[in-house]
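Given next are the chains, with one letter for each unit.
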Amino acid sequence: MRFTQTFMDEIRDRVPISDVIGNYVTWDKRKTNTTRGDYWACSPFVSEKTPSFHCVDPKGFYKCFSSGESGDHFTFLTKVAAMSFPEAVERVANMAGVPMPAYDPEEKKRDEVRRTLYDVMEWATKWFERNLQVESGAAARAYLRQRGLSEATIAKFRLGFAPNSRNQLKEFLASQGATKEQIEASGMVIHGEDIPVSYDRFRDRIMFPIEDAQGRVIAFGGRAMDPKAPAKYLNSPETELFHKSDVLFNLKRARAAAAKAKDDPVGSTLITVEGYMDVIALDQAGVANAVAPLGTALTERQLQMIWRVTGEPVLCFDGDKAGLRAAYRSLDMAMPQLKAGRSVRFALLPDGQDPDDLVRENGRDAFAEVITKARSAAEMLWQRETGGKTFETPERRAALEAAFREITGGIEDTSVRRHYQQEMRERTNAFFGTVPAAQKGKGTYQRPTGNARSKVTASARLANTSLVSGLVSDALPVREAALISAVLCHPDLLAENFDMFCAMQVQSPALRQLRSAILKAYTDYPARDRDTLMEHGAMKAQKPTIDRVDETVKRARLWVCTREAALDDAREAFAQAVKLHIKESSLASELNAAERALADESSDGNLERLIDIRRQMDEMQSMEALIEGFGIASGRPNTSF
């Protein structure tokens, strides 16, 4: 039986070759890199002790360096599993979840037509390229130069120009031998029963060839030169060759670049961006591993294609509201499919810039920094469900926990689902200020309330320490106020410490509400200064609390947590305060547990544990957080937090 090329390409693309071969060999853990889809094993063809058999998922190819054998999924099964070729195809089709095709003479004809369409698309590509270089393409060349593209980049991506004519391309394709049916099937002309004479689809547009995973041109994107054109960007219609939800712009080049950049954390993955120009600008700047969907949100099929290249791609979005919404949609799509070795990270660009703007203004390093700071799927999930919200009632806290249970419950992989559920429970417990219950092994948590948060009944001396006195008075806890103030005055600290700031235990209800407002304002618009942050409605409603924070910080002379301090000074003070705050919270929790243990059993061991915790808290009371050089960047040296 003869199988169509389309069917063969589909099942081969759906199934990593390592999944096929892994049933017959044991992968060498030292040499194999599952993230890159790079696998090594002892040869299944000859007896050996040192692995010389190599397969690469992105290429769908294997090579045995001992025997010289090489091939694809089907070749391997015919040689190692002694299958006939149709049996090998059926095995891979079953793994792909694709039914075997019945013999269909019409499908055979369509496959033959598809093969001829590749020639038509190649002819069109070359014609567009030539038109860019002649007089009629002068304005298009000027536009590309204005966008900063070099001649080498234009040639690499085979950019071209479609002149403002209704029939020049159609006539050229006919002169090359293309039939009327082929020209119409290629999508290069607009035709129909109500259109007496077909005409060129792309007119007065810069042309971007769109290639399949094998590097064959299957469609085009056209960027209008006329600013009044109804559609700024126009893609080819769906054809026998082109289904836009199954195609990623630049996949072949990006896959090859990622395979070469083995030790580069930015270059060794795939990065998805919004459009062709972003991909091309990044490539010219030295980021050759970017791909883009074609005018739509990333689809499940496209994500599966990406995962076959890399286990942890970075999905890059603009930092505005629309970009954040798109990121959350991608998160929802990816979550059910996560498993060991298959995840996603999210990079949000600063100040509403797109990748093209960022690399043109600041170069590759600026974009690389954004990618390096990409957030995990767990971090994005936490941000979406908690950012800008308050949880002051049991009902709201219960609703948050229910939301996490529902979302994580949809993860198909049992192990990953369990770890996500545990991760969200731990974050929620930290966020609400809960501590483990005293009963060992019960696995439940209780929420301290009122003065029980500080559990100061251990001794009158402990009750008077600075660590707990702020928790039982009406005044704002100084360190909590300082941390909030530092972020309020230097929002860049929030970008650098987002997860910690979300999860940080805040005992003061007023400061918890202010934190929620800051997160809401920053999520809606990532401000770089206090004044901009204060323009948000959620922040205006917190003006009384903010005034109290300012007064608390001023009274404590913690100028390093105000806008007077340079960012570097504020960053050091913030980091030191966080360490003290975490230590303080930990000791308070340990004190609660120690007192409960002593109440349950008056043993020497429990008493010694309680005394030791008291000692540590006393040491913290007398300890000053000294950071040498505090204030140097601000021109105001200060050595005490």
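These remarks concern the structure in this document.

What counts, and at which threshold
- Residues numbered from 1 in each chain as written.
- Predicted model: local features only at pLDDT ≥ 70, side-chain atom pairs only at ≥ 80, totals over all residues.
- Heavy atoms only, no water.
- Helix = DSSP H or I, 4+ residues; strand = E, 2+ residues; numbered from the N terminus.
- Buried < 20%, exposed > 50% of the residue type's maximum accessible area, 1.4 Å probe, protein only.
- Contact = heavy atoms within 4.5 Å.
- Areas by Shrake-Rupley, 256 points an atom, 1.4 Å probe, with all protein chains shown as cover.
- Phe/Tyr/Trp six-rings, centres within 6.5 Å; stacked < 30°, edge-to-face > 60°.
- Pairing = 2+ DSSP bridges.
- Salt bridge = Lys/Arg side-chain N within 4 Å of Asp/Glu carboxyl O.

1. Quick notes on the overall build of the chain
Per the secondary structure count, the chain includes 29 helices and 17 strands. Sorting the 641 residues of the chain into buried and exposed places 51% on the buried side. Put simply, 64% of the contacts in the chain that link residues at least 6 apart link residues at least 24 apart. Surface summary for the chain: the accessible area is close to 30200 Å², and the carbon and sulfur share equals 49%.

2. Thoughts on the side chain of Thr125
When you line up the elements, Thr125 lands in helix H5 (residues 105-133). When residues no more than four places from it in sequence are discounted, the contact partners of Thr125 are Arg158, Pro209, Val217 and Phe220.

3. Brief notes about the packing of aromatic side chains
This structure, assessed with the given rule, holds 20 aromatic pairs. Ring centres 5.6 Å apart and planes at 65 degrees place the aromatic pair Tyr233 and Tyr276 in the edge-to-face group. Placement of Tyr233 in strand S10 (residues 233-235) and of Tyr276 in helix H11 (residues 276-285) is noted, with a sequence separation of 43 residues between them. For Tyr233, a relative accessible area of 35% corresponds to the partly exposed category.

4. A few points about the pairing of strand S9 (residues 217-224)
The side chains of a regular strand alternate between both faces of the sheet. The buried fraction of S9 is high, at eight of eight residues. In the sheet, strand S8 (residues 205-211) pairs with S9 via seven bridges, with the strands oriented antiparallel. Looking at S9, one finds that Glu211 is bridged to Val217. Here S8 folds back onto S9 in antiparallel fashion, the turn holding five residues, of which Gly215 has a positive phi close to 90 degrees.

5. Let's talk about the pattern of salt bridges
Any two side chains of opposite charge can pair, so long as their charged atoms come close to each other. Per the stated rule, a full pass over the model turns up 28 salt bridges. The salt bridge involving Asp357 is made with Arg360; its shortest N-O contact spans 3.5 Å. Within this pair, Asp357 and its partner Arg360 are both found in helix H14 (residues 355-362), separated by three residues, close to a single helical turn. Residues participating in the shared-partner salt-bridge network are Asp9, Arg12, Asp72, Asp212 and Arg216.

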